[in-house]
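Architecture and fold: a report
Residues per chain, in single letters:
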Amino acid sequence: MDIAAITSSWVAGWTVSRGTPPAVVEPWGYRIEVGQPTHPFRHVLPHPDAASVGRLCAGITEPYAWLKVMAAPEEAASWITEGWTIPDDPGFMMTKELDPAARPAPPEGYARTTETREGVIRVRILAADGTLAARGQIAPTGATAVADQIETDPAHRRRGLGANVMRTLEAAAAQAGARTGVLAATTDGMALYDSLDWYYRGPLTGIVRTA
C-alpha cells in the first residue's frame, strides 16, 4: 500500500471507529465532521505541501479545527500561518498484515471481553476488582481495519495487557475479513506496535486552529 491508500483506509476506519459521518473527498484529501466542541472537524491531507496547507490555514477561522497531514512536524511547521499550532507528539502511520490466529489467552488474573457494535470490535481487559485495566478497538472496512484508542491504565502497565488487546483485535479483524491493519501511533505506543510487527510507513502531524 502506498501512502495515499494507507491514508484512505485510515480515514475510512477512523470514521467508523469514532462514529462520525463518512469523510467527504476534497481536492486536497478528506474532510471529516467530528462534531465535538474542541474538535469540530478535521482535514486529512495525504500529500501535503506548503501551498495546500497554507490555503487551508488562511481559509479556516473556526477555533479548534484540525489538519492531519502526512508530513513530519518540522516540515509542517514551516507551512502553517499565524493562529495555528502543532500541539501533539509526533504521529506515525503503521500497517501490518493481520493474522487470524493471533488471539492469545486472557492474561492471568484478568478477565477479557470482546464485543462488536456498529461495525467496531471492542476489547476490554478488567482487573480482579472489576476496574478497567486496558482497552482498544478496531474498525474493519473491507480489506483493511483501523486500530484505535488503545489504552492501558498506568497501574497495570508492563504486564503485557496492551499486547494482549492488540493481538485479540488483530485476530478478530482478520476473522471478519480484513487483511491489513492500519493505525496512527503516538510516541508512547511505538514500542508496543514495533514489538508486534507493525511497520512504520510515514509521519503524521496534527495541526490545530487556536481559540
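In what follows, the accompanying structure is described. Computed from a predicted structure; not experimentally measured. For every chain, the first residue of the written sequence is number 1, and numbering continues from 1 onward in sequence order. Given that the model is predicted, a residue must reach a pLDDT of at least 70 before its local features are reported, and side-chain atom pairs must reach 80 or more before they are shown or counted; all residues, however, enter totals for whole chains, interfaces and linings. Computation of side-chain values: all heavy atoms of the structure, hydrogens and water removed.

Side note on unusual backbone geometry
Excluding glycine, a negative phi dihedral is what most residues carry, and trans is how most peptide bonds are arranged. Defined as follows: Each helix corresponds to a stretch of at least 4 residues labelled H or I by DSSP, and each strand to a stretch of at least 2 residues labelled E; elements are numbered beginning at the N terminus. For each residue, the accessible area found with a 1.4 Å probe, counting protein chains only, is set against the maximum for its type, and the residue is called buried under 20%, exposed over 50%, and partly exposed in between.
Of note in this structure, Tyr 64 is not a glycine but carries a positive phi near 70 degrees. Of note, Tyr 64 is situated in the loop between α2 (50-59) and β4 (66-69). According to the relative accessible area criterion, Tyr 64 is partly exposed, its value standing at 33%.

With respect to the side chain of His 156
How we decide: Whether two residues touch is decided by their heavy atoms; if any such pair falls within 4.5 Å, the residues are in contact.
For His 156, the location among the structural elements is in the loop between β10 (144-152) and α4 (161-175). Classification of His 156 as buried rests on a relative accessible area of 13%. Those residues in contact with His 156, other than ones at most four positions away along the chain, are Tyr 110, Ala 127, Ala 133 and Leu 161.

A few points about the pairing of β10
The test is simple: DSSP calls a pair of strands paired once it identifies at least 2 bridges connecting them. The crossover handedness rule: strands pointing away from the viewer, path from first strand over the helix to second strand clockwise, crossover right-handed.
Where strand β9 (residues 132-141) meets β10, 7 bridges bridge the pair, whose relative direction is antiparallel. Across the sheet, residue Thr 141 finds its bridge partner in β10, namely Thr 144. Note that β10 and strand β11 (residues 180-185) share 3 bridges and pair parallel. Considered in β11, the bridge of Val 146 is made with Val 182. The handedness of the β10 to β11 crossover, carried by α4, is right-handed.

Comments concerning the environment of Glu 151
Locating Glu 151 in the fold gives a position in strand β10. Measuring from C-alpha to C-alpha, the distance between Glu 151 and Gly 177 comes to 25 Å, with 26 residues separating the pair along the chain. Residues contacting Glu 151, with those up to four places away along its chain left out, are Ala 133, Ala 134 and Arg 135.

Topic: the pattern of salt bridges
Side chains carrying opposite charge are able to pair once their charged atoms draw close together. What counts, and what does not: Salt bridges, as used here, are contacts in which a Lys or Arg side-chain nitrogen is within 4 Å of a carboxyl oxygen on Asp or Glu.
Applying the stated criterion to the full structure yields 4 salt bridges. A salt bridge links Asp 148 to Arg 18, with the nearest nitrogen and oxygen atoms 2.6 Å apart. A residue pair is termed long-range when its members are at least 10 positions apart, and Asp 148 in strand β10 and Arg 18 in helix α1 (residues 3-18) qualify at 130 residues. Classification of Asp 148 by relative accessible area gives buried; the value is 8%. Close ionic contact of Arg 117 with Glu 115 constitutes a salt bridge, the shortest N to O distance being 2.7 Å. On the basis of relative accessibility, which here comes to 40%, the residue Arg 117 falls in the partly exposed class.

Thoughts on the packing of aromatic side chains
Centre distance and the angle of the planes are the two values used to describe a pair of aromatic rings. As a reminder, the rule being used: Classification of ring pairs uses Phe, Tyr and Trp, with its six-membered ring standing for Trp, and accepts pairs whose centres are within 6.5 Å; under 30 degrees between planes counts as stacked, over 60 as edge-to-face, and the remaining range as tilted. In our convention, an over-ring charge means Lys NZ or Arg CZ found within 6 Å of a ring centre and within 35 degrees of that ring's normal.
Throughout the structure, instances matching the rule amount to 2 aromatic pairs. Its guanidinium or amino end placed over the ring of Phe 41, Arg 31 lies 4.1 Å from that ring's centre, counting from NZ or CZ. Cation over ring: Arg 42 sits above Trp 14, and NZ or CZ is 4.0 Å from the ring centre.

Let's talk about the side chain of Thr 180
Looking at the element boundaries, Thr 180 is found in strand β11. Of the residues examined, Thr 180 reaches a relative accessible area of 10% and is grouped as buried. Excluding anything up to four places from it in sequence, Thr 180 contacts Met 1, Thr 95, Lys 96, Glu 97, Leu 98, Ala 143, Thr 144 and Ala 145.

Thoughts on the environment of Phe 41
By secondary structure assignment, the location of Phe 41 is in strand β3 (residues 39-45). Overall, Phe 41 belongs to the buried group, its relative accessible area being 5%. Apart from residues no more than four positions distant in its own chain, Phe 41 is found in contact with Arg 31, Ile 32, Glu 33, Val 34, Ile 60, Glu 62, Ala 65 and Trp 66.

A word on α2
For clarity, the cut-off: Counting of polar contacts relies on pairs of N or O atoms within 3.5 Å, with two restrictions inside protein: one atom must be capable of donating a hydrogen and the other of accepting it, and residues adjacent in sequence are counted only when both atoms are side-chain atoms.
Taken together, the buried positions of α2 are Ser 52, Val 53, Gly 54, Leu 56 and Cys 57. As for α2, its buried residues are in contact with β3, β4 and β5 (84-85). For α2, the side-chain oxygen to backbone nitrogen distance between the N-cap and Ala 51 is 3.2 Å, and the N-cap itself is Asp 49.

Details of the environment of Pro 40
Relative to the elements of secondary structure, Pro 40 occurs in strand β3. The class of Pro 40 is buried, set by a relative accessible area of 12%. In this structure, the C-alpha to C-alpha distance between Pro 40 and Pro 63, residues 23 residues apart in sequence, is 8.4 Å. The residues touching Pro 40, leaving out its near neighbours within four places in the chain, are Ile 32, Glu 33, Val 34, Gly 35, Glu 62, Pro 63, Tyr 64 and Ala 65.

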